[in-house]
Amino acid sequence: MKARCVHSCKGLCNALEVAEHREQEAIKEYREYAAQCDYPDVKELLEELIRSREQAVRVLRQKRESLEVRFAMIDRINDSFA
């Protein structure tokens, strides 16, 4: 996913969605490796990476949702002046 920043976040920014997608893909790949892994230290490291990436996805999702609410509020304020 090669998406360029348009430097106008309102309704156009997909950087957080791209980052979330990449984190989810990494989680999927790490899970596949962990499921096949026989070496406890490596499996533990992969599971730690999975937890870390899942936390990153939660943070990205929360921020994206927060921005969506903020943009909707700005729209309502602007509409009230129209």
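Look a little higher up for the structure.
These numbers were taken from a predicted model, which means no experiment stands behind them.

Student: I tried to follow a nonpolar patch on the surface on my own but got confused; where do I start?
Tutor: On the surface, a nonpolar cluster with roughly 440 Å² of combined accessible area is contributed by Val 69, Met 73, Ile 77 and Phe 81. Taking the relative accessible area as the measure of exposure, Val 69 reaches 52% and is therefore exposed.

Student: Just to check I follow, could you spell out the pattern of salt bridges for this structure?
Tutor: It is possible for side chains of opposite charge to pair when their charged atoms get near one another. Applying the stated criterion across every chain, the model contains five salt bridges. Residue Arg 61 pairs with Glu 20 through a salt bridge whose shortest N-O separation is 2.8 Å. Within this pair, whereas Arg 61 is found in helix α2 (residues 40-81), its partner Glu 20 is found in helix α1 (residues 15-36), the two being separated by 41 residues in sequence. For Arg 61, a relative accessible area of 31% corresponds to the partly exposed category. For Glu 20, a relative accessible area of 7% translates into the label buried.

Student: What am I meant to see in the nonpolar core here?
Tutor: Nonpolar side chains tend toward joint burial in soluble globular proteins. Counting seven residues, the largest nonpolar core is built from Ala 26, Ile 27, Tyr 30, Ala 34, Leu 46, Ile 50 and Val 57. Counting residues per element, the ones that place at least two in this core are α1 and α2. Sorting elements by how many residues they give to this core places α1 first, with four residues. Aside from chain neighbours lying at most four places away, what touches Ile 27 is Ile 50, Arg 53, Glu 54 and Val 57.

Cut-offs and rules
Residues numbered from 1 in each chain as written. Predicted model: local features only at pLDDT ≥ 70, side-chain atom pairs only at ≥ 80, totals over all residues. Heavy atoms only, no water. Patch = residues over 30% accessible without salt bridge, like charges linked within 9 Å, V, L, I, M, F, W, Y side chains within 5 Å. Areas by Shrake-Rupley, 256 points an atom, 1.4 Å probe, with all protein chains shown as cover. Salt bridge = Lys/Arg side-chain N within 4 Å of Asp/Glu carboxyl O. Buried < 20%, exposed > 50% of the residue type's maximum accessible area, 1.4 Å probe, protein only. Helix = DSSP H or I, 4+ residues; strand = E, 2+ residues; numbered from the N terminus. Core = buried A, V, L, I, M, F, W, Y, C linked by side-chain atoms within 4.5 Å. Contact = heavy atoms within 4.5 Å.

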